[in-house]
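# A structural walkthrough
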Amino acid sequence: MGRAEKFLQSVLKKLTDQGVAFSHEVHFGHASELLCEIPSNIPGSASVIARTGGNALTNGFLCSLVMTLVQASPVPVTVAP
């Protein structure tokens, strides 16, 4: 968790210096379970998921994740190609 927090802290500083409001959380666990659980705790939230590049393995994982979110998410899900 230390490496992820360190990276996010550097991004947070850059965004804050530019006047951008920003918040973050770091979670570890099963991706689809977390991506269904987290937005359900935020009133009026929705999920947006997209990908950039990748190989067959990551594309297969993302497809599985997207299908789980579309079917199981308690909040609206937008899938961007």
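Located above this text is the structure these notes cover.
My aim in this report is to walk through the structure given alongside it, one point at a time.

## So, the overall build of the chain
Per the secondary structure count, the chain includes 3 helices and 2 strands. Reading the chain from its N terminus to its C terminus gives the helix and strand order α-α-β-α-β. Expressed as a percentage of its 81 residues, the buried residues of the chain come to 20%. Considering only intrachain contacts with a sequence separation of at least 6, the fraction spanning at least 24 residues in the chain is 52%.

## Description of helix H1 (residues 2–17)
Counted at 1.5 Å a residue, the expected span for H1 with its 16 residues is 22 Å, and the 22 Å between its end C-alpha atoms agrees. At the C-terminal side of H1, Gly19 shows a positive phi close to 85 degrees.

## Side note on the nonpolar core
With 5 residues, the main nonpolar core is built from Cys36, Ile49, Leu65, Val66 and Leu69. With 3 residues, the top contributor of residues to this core is helix H3 (residues 56–72).

Cut-offs applied
Positions within a chain are numbered from 1, following the residues in the order the chain's sequence is written. Local features in a predicted model are, by the rule used here, given only for residues with pLDDT of at least 70; side-chain atom pairs are given and counted only at 80 or more, and totals for whole chains, interfaces and linings are based on all residues. Based on all heavy atoms of the structure, the side-chain values leave hydrogens and waters out of the count. The helix count covers DSSP runs of H or I at least four residues long, the strand count covers runs of E at least two residues long, and both are numbered beginning at the N terminus. The rule is simple: take the accessible area with a 1.4 Å probe, protein chains only, and divide by the maximum for that residue type; under 20% is buried, over 50% is exposed, in between is partly exposed. Any two residues whose heavy atoms approach within 4.5 Å are treated as being in contact. Expected helix span is taken as 1.5 Å per residue step, with the number of steps being one fewer than the number of residues. Residue types Ala, Val, Leu, Ile, Met, Phe, Trp, Tyr and Cys, when buried and joined through side-chain atoms within 4.5 Å, form a set referred to as a nonpolar core.

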